[in-house]
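So you can see what is in the structure, the chains are spelled out below.
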Amino acid sequence: DRAPLAAAMPGVTPGFQQATLSFGRHRVITLDTLDEDASAAPSGVLCDARLRDLEARLKAAEGQIITLVMHHPPAPFGMPFFDPIGLRNGAEVLRLASEAGVTLILCGHVHRSVTTVASGLPIVSLRSTAFALSPADTARGVAPDPDAPPGYAVLMLGEDGPVLHAETCSGL
């Protein structure tokens, strides 16, 4: 549901919830990966309109330090339960991001801290603020991991590029 997000984030485009946040030389582009095709849920997708919007945002950010933020991972993380329900057109997003010189891609969806590189781009998944999930399990899917506390990350926009500090919430 996009309405709560739109209410909480000023400057978000009508309809699809995509935005560019500017901080000095940094451009943080947020992408709406909600897949409105119920048969494909809970995967993500950037439809043609959102892809065109991303292209325009990347072109406008040329020469800047660009970080993309989205819910669904654009590349597999080696998690058999989650990889099939990532961003369905992740290869296209990675192509655009690579051509534009994106520095970092942040995502969620898998409720675990996972890092990979695809198309030469670092992709970091962040731990959930609600609960962490167990590592990949092909037989049972996934389950809450009682040994892994929830977490969050702080994105610092440094002179030379983004720095990400991952934190855990202990004592909950």
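Here the structure is shown first, and the text comes after it.
This structure is a prediction, so every number in the text was calculated from the model and none was measured.

Asks: What exactly am I supposed to notice about the overall build of the protein here?
Replies: A tally of helices and strands in the protein yields three helices and eight strands. In the protein, the order of α-helices and β-strands from amino to carboxyl end is α-β-β-α-β-α-β-β-β-β-β. In the protein, which comprises 172 residues, the share counted as buried stands at 42%. The contacts of the protein with a sequence gap of at least 6 include a subset with a gap of at least 24, amounting to 51%. As presented, the protein carries roughly 9000 Å² of accessible surface, and 56% of it is formed by carbon and sulfur atoms.

Asks: What should I look at first to understand the nonpolar core in this one?
Replies: In globular proteins that are soluble, nonpolar side chains generally tend to be buried together. By size, the foremost hydrophobic cluster in this structure holds 29 residues, and its most contacted members are Leu54, Leu58, Leu68, Met70, Val102, Ile105 and Ile123. Broken down by secondary-structure element, the contributors of at least two residues to this core are helix 2 (48-60), strand 3 (65-69), helix 3 (90-100), strand 4 (104-107), strand 5 (114-118) and strand 6 (121-125). Among the elements that make up this core, the one with the highest residue count is helix 3 (four residues). When residues no more than four places from it in sequence are discounted, the contact partners of leucine 54 are Gln18, Ile29, Leu31, Leu46, Leu68, Val93 and Leu96.

Asks: In this structure, what is going on with the packing of helix 2 against helix 3? I would like to understand it.
Replies: What describes two packed helices is the angle between their axes and the distance between those same axes. Two numbers describe how helix 2 lies on helix 3: the axes approach to 10 Å, and their chain directions differ by 10 degrees. Judged by the inter-axis angle, helix 2 sits roughly parallel to helix 3. Residues Leu51, Leu54, Glu55 and Leu58 of helix 2 form the contact with helix 3, whose participating residues are Glu92, Val93, Leu96, Ala97 and Ala100. Taken together, the residues of the contact of helix 2 with helix 3 sort by class into seven nonpolar, no polar and two charged.

Asks: Where do I start with the side chain of asparagine 89 in this structure?
Replies: Mapped onto the fold, asparagine 89 is located in the loop between strand 3 and helix 3. Every residue in contact with asparagine 89, bar those within four places of it in the chain, is listed here: Val45, Leu46 and Leu51.

Asks: Looking at this model, I keep getting lost on helix 2. Mind explaining?
Replies: Between its terminal C-alpha atoms helix 2 stretches 18 Å, which fits the 18 Å expected from 13 residues at 1.5 Å a residue. Against the buried residues of helix 2 lie strand 1 (19-23), strand 2 (26-30), strand 3 and helix 3.

The rules behind each value
Every chain's residues receive numbers from 1 upward, in the order its sequence appears when written. The predicted origin of the model limits local features to residues at a pLDDT of at least 70 and limits the giving and counting of side-chain atom pairs to 80 or more, whereas totals for whole chains, interfaces and linings rest on all residues. Based on all heavy atoms of the structure, the side-chain values leave hydrogens and waters out of the count. Elements are defined by DSSP. Helices are runs of H or I of four residues or more, strands are runs of E of two residues or more, and each kind is numbered from the N terminus. Relative accessibility under 20% of the residue-type maximum defines a buried residue, over 50% an exposed one, and the middle range a partly exposed one, all with a 1.4 Å probe and only protein chains included. The contact criterion used throughout is that any non-hydrogen atoms of two residues lie within 4.5 Å. Residue exposure ignores everything except the shown protein chains as possible cover, and the areas themselves are Shrake-Rupley values with a 1.4 Å probe. Buried residues of nine kinds, namely Ala, Val, Leu, Ile, Met, Phe, Trp, Tyr and Cys, make up a nonpolar core once their side-chain atoms join them within 4.5 Å. Between N-to-C directions, angles cover 0 to 180 degrees, with each direction set by a line fitted to C-alpha atoms, over the stretch in contact for helices. Angle categories: roughly parallel below 35 degrees, roughly antiparallel above 145, roughly perpendicular from 65 to 115, and oblique for all the rest. Each residue gets one of three labels, nonpolar for Ala, Val, Leu, Ile, Met, Phe, Trp, Tyr, Cys and Pro, charged for Asp, Glu, Lys and Arg, and polar for the others, Gly among them. In a helix, the anticipated span is given by 1.5 Å times the number of residues less one.

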